[in-house]
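Overview (structure and organization)
Listed below, chain by chain, are the residues.
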There are 2 protein chains.
Amino acid sequence: MDTLDVELGDRSYPIYIGDGLFTQKELLLDLLAGHQVLVVTNTTVSPLYLDKILAQLDGLNPRALELEDGEQYKTLDTVTRIFDALLEQRFSRNSTLIALGGGVIGDITGFAAACYQRGVNFIQIPTTLLAQVDSSVGGKTGVNHPLGKNMIGAFYQPKGVIIDISALTTLPDRELKAGIAEVIKYGLIDDSEFFEWIELNLDNILKRERKVLTHAIRRSCEIKAEIVAADEKEAGIRAILNFGHTFGHAIEAGCGYGVYLHGEAVSIGMCLAAELSCRLDYISLKQLHRIIALLERTGLPTTLPEQLSTNEYLKLMAVDKKNIDGEIRVIVLEQMGKAGLPVSIDTVLLKKTIQDYGVIRSNES
Amino acid sequence: MDTLDVELGDRSYPIYIGDGLFTQKELLLDLLAGHQVLVVTNTTVSPLYLDKILAQLDGLNPRALELEDGEQYKTLDTVTRIFDALLEQRFSRNSTLIALGGGVIGDITGFAAACYQRGVNFIQIPTTLLAQVDSSVGGKTGVNHPLGKNMIGAFYQPKGVIIDISALTTLPDRELKAGIAEVIKYGLIDDSEFFEWIELNLDNILKRERKVLTHAIRRSCEIKAEIVAADEKEAGIRAILNFGHTFGHAIEAGCGYGVYLHGEAVSIGMCLAAELSCRLDYISLKQLHRIIALLERTGLPTTLPEQLSTNEYLKLMAVDKKNIDGEIRVIVLEQMGKAGLPVSIDTVLLKKTIQDYGVIRSNES
């Protein structure tokens, strides 16, 4: 088992990464507060792993709540269902919420934990690759609003993150690939060697080779933990984790939450952000093609959904959290393996990038 | 103008107390972040003070949102209306929410500010005595749940609090009295001399004599600021601010939010908590009568609503935030002017106190 620490003073916490951690009782028990425990999961994950987790909590009379599966359920209404369950069962301020599932379950449960009685203990047990490498670490919690992704939420750190690699054996291929999008992101924004390592090892990642998967997860979590420790509330550098997300969130909100998986929308978003980086002369056309090629080899979408017009994209991007006083700001790559802070992008250039995306690429490649 | 500081490191903020502060433009402008401002108020306060506040924000194109007036609207649904307004108008992360109104408006707006894009700037402009002496200071924000008061919320500090004494000239008598309940609370829990001062000056407070009102507000804010600075997130001493609130919240939730004003429910709750303190031999029967007499002279309710049974009270008190693992915990007075930390109360004693309340008092007085 590997242990990484997210260094945040008195809110520091461990990330445990290993094979078979769901059955290591002490790991979980050490992270509890009080005796009241609610496990929040969804209808897909529940039949696979809920009993395993409840077995570790034997003797505590743990409760479980099963939500519908999908980004379209990441709403305030679903959070309200958690509050109802907690209050009906008279959960006190020193109880624990456990998020057992993917990014949606983690974000919703974390937000409920942040708000219930103004904050109770919570633990992340991510079961998808995307949640393991990204959303379970760093304390960003929240829900979507019809007008914008993750617009309602809180910075609220878990007490610990338990990543059991064996959970990935049951993960559908599409979900695995969506998670790889975020792994590739870490290479692009912070570590060009890691990007090269992914290029070399992609086939084994796709085959779910344990050793390779473990390295991909550990290195992703290391990069994320370091950035979060440096800038917990995104006053600066943390924004680079949003590479590809400005376009990605617009795609998710515009096409309807749940149509694209988050990682899929981020894949397309990274293509656009890389194209923009190329137009701004930060990366070469060759590097742009290399990025798109890796995403394509993974089996991720790299073309813009046609149902949205350029103006619709701009309108959706106008509510992004990185914007200031109405200006659209995007993360671009300053070079391979290094993203810069958000920069205001001229609307004409943004429009042109969206309109011509794919055209230039196919003409010049 | 008086300025008090709530000392919370990098989250410290000023409380300005004075006559005519609504027209002091710099005070408000200095507390803004960015150029986008939404003033949240209610239908009662709006015709009285909204224009005055908007006039200070001239040139910024400030927006306003008017909510219904009353505790029964302090819900997640109302918070959602604020999110809708912010997103429809594309408010960015560096915008400012201004809470213009009483405790309900302050609590709702503060919670919306805590959650919108994971936290934006907000300013408290309390217009009721209760909000001025209590709810606008200290960063407790949130909404009610049908099963419990303030069960959903966040600790989220404002950037500043602007208390204009002149706003109290339009405050209905009933609201004024409800605010005095919290003023009396500060005397009881932390300052017996202040309690005596209230006894001596109550008539002038009720007559809204400016000098006396100003002292009552300043001393209340001083006590609150000191306790909050010592224990922002209520790990210990801050809980004494909840004196009378365990019973009070049960009355509010049990009778239906909005039937009793918060200060009225706290008045009854303080009588019960004082009775309990007397039964536990912390204060004398004479002191108990003195407390009840002051609340009665103020014109506040001091008898338990008959519509709730003893068991209903116990059931409602069982969801209080101070409880641990299902045990009901109450703040009692260790002596006049000094409250202790929450103590577990034996259910039999609690039942007896509720059942016999009033009986013993009228027999023995």
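Each remark here, short or long, concerns the structure printed above.
Here's a quick rundown of the structure. In this text, all values refer to a predicted model and were calculated from it rather than measured experimentally.

What about the pairing of strand β1 (residues 2–6) of chain B?
Residues and elements named next belong to chain B. Sheet topology places β1 next to strand β2 (residues 13–18); 5 bridges connect them, and they run antiparallel. Note that in β2 the partner of D2 across the bridge is I17. Hairpin connection between β1 and β2: a loop of 6 residues separates the two successive antiparallel strands, and G9 in this loop has a positive phi of roughly 60 degrees.

Digging into the relation of the copies chain B and chain A
Here chain B sits on chain A after a turn of 180 degrees about the axis and a move of 0.0 Å along it, with an RMSD of 0.0 Å. A rotation of that kind, with that shift, is consistent with a two-fold axis. Using C-alpha coordinates, one finds that chain B approaches the rotation axis most closely at L76(B), a distance of 4.2 Å. Interface overlap between copies is the fraction of interface residues in one copy that are interface residues in the other; for chain B against chain A it reaches 100%, indicating a shared surface.

Some remarks on the interface of chain B and chain A
On the chain A side, the residues contacting the 39 residues of chain B number 39 residues. Around 3,600 Å² of area is buried between chain B and chain A when both sides are counted, 56% of it from carbon and sulfur atoms. Across the chain B-chain A interface, the total number found is 2 salt bridges. One can count 8 residue pairs in polar contact (both at pLDDT 80 or more) joining chain B with chain A.

Brief notes about the environment of S95(B)
Residue and element names in this part refer to chain B. As for its position among the elements, S95 is in the loop between α3 (76–88) and β5 (96–101). The exposure class of S95 is buried, given its relative accessible area of 0%. With 61 residues separating them in the primary sequence, S95 and G34 have C-alpha atoms 5.4 Å apart. Residues in contact with S95, not counting those within four places in the same chain, are A33, Q36, V120 and N121. Side-chain polar atoms of S95 contact the backbone oxygen of S92, separated by 2.7 Å.

Description of the packing of helix α10 (residues 262–279) of chain A against helix α11 (residues 285–298) of chain A
Residues and elements named next belong to chain A. At a minimum axis separation of 9 Å, α10 and α11 run at an interaxial angle of 175 degrees. What the angle tells us is that α10 and α11 run roughly antiparallel. Residues S267, M270, C271, A274, E275 and C278 of α10 pack against L285, L288, I291, I292 and L295 of α11. Grouping the amino acids of the contact of α10 with α11 by side-chain chemistry returns 9 nonpolar, 1 polar and 1 charged.

Parameters and conventions
Residues numbered from 1 in each chain as written. Chains lettered and ligands numbered in written order. Predicted model: local features only at pLDDT ≥ 70, side-chain atom pairs only at ≥ 80, totals over all residues. Heavy atoms only, no water. Pairing = 2+ DSSP bridges. Helix = DSSP H or I, 4+ residues; strand = E, 2+ residues; numbered from the N terminus. Least-squares fit on C-alpha atoms with pLDDT ≥ 70 in both. Contact = heavy atoms within 4.5 Å. Buried area = accessible area lost by both parts, 1.4 Å probe. Salt bridge = Lys/Arg side-chain N within 4 Å of Asp/Glu carboxyl O. Polar contact = N/O pair within 3.5 Å; in protein donor to acceptor, adjacent residues only side chain to side chain. Buried < 20%, exposed > 50% of the residue type's maximum accessible area, 1.4 Å probe, protein only. Axes fitted to C-alpha atoms, helices over the stretch in contact; angles between N-to-C directions. Parallel < 35°, antiparallel > 145°, perpendicular 65-115°, else oblique. Nonpolar A, V, L, I, M, F, W, Y, C, P; charged D, E, K, R; others polar.

All we've got here are geometric facts, nothing functional implied.
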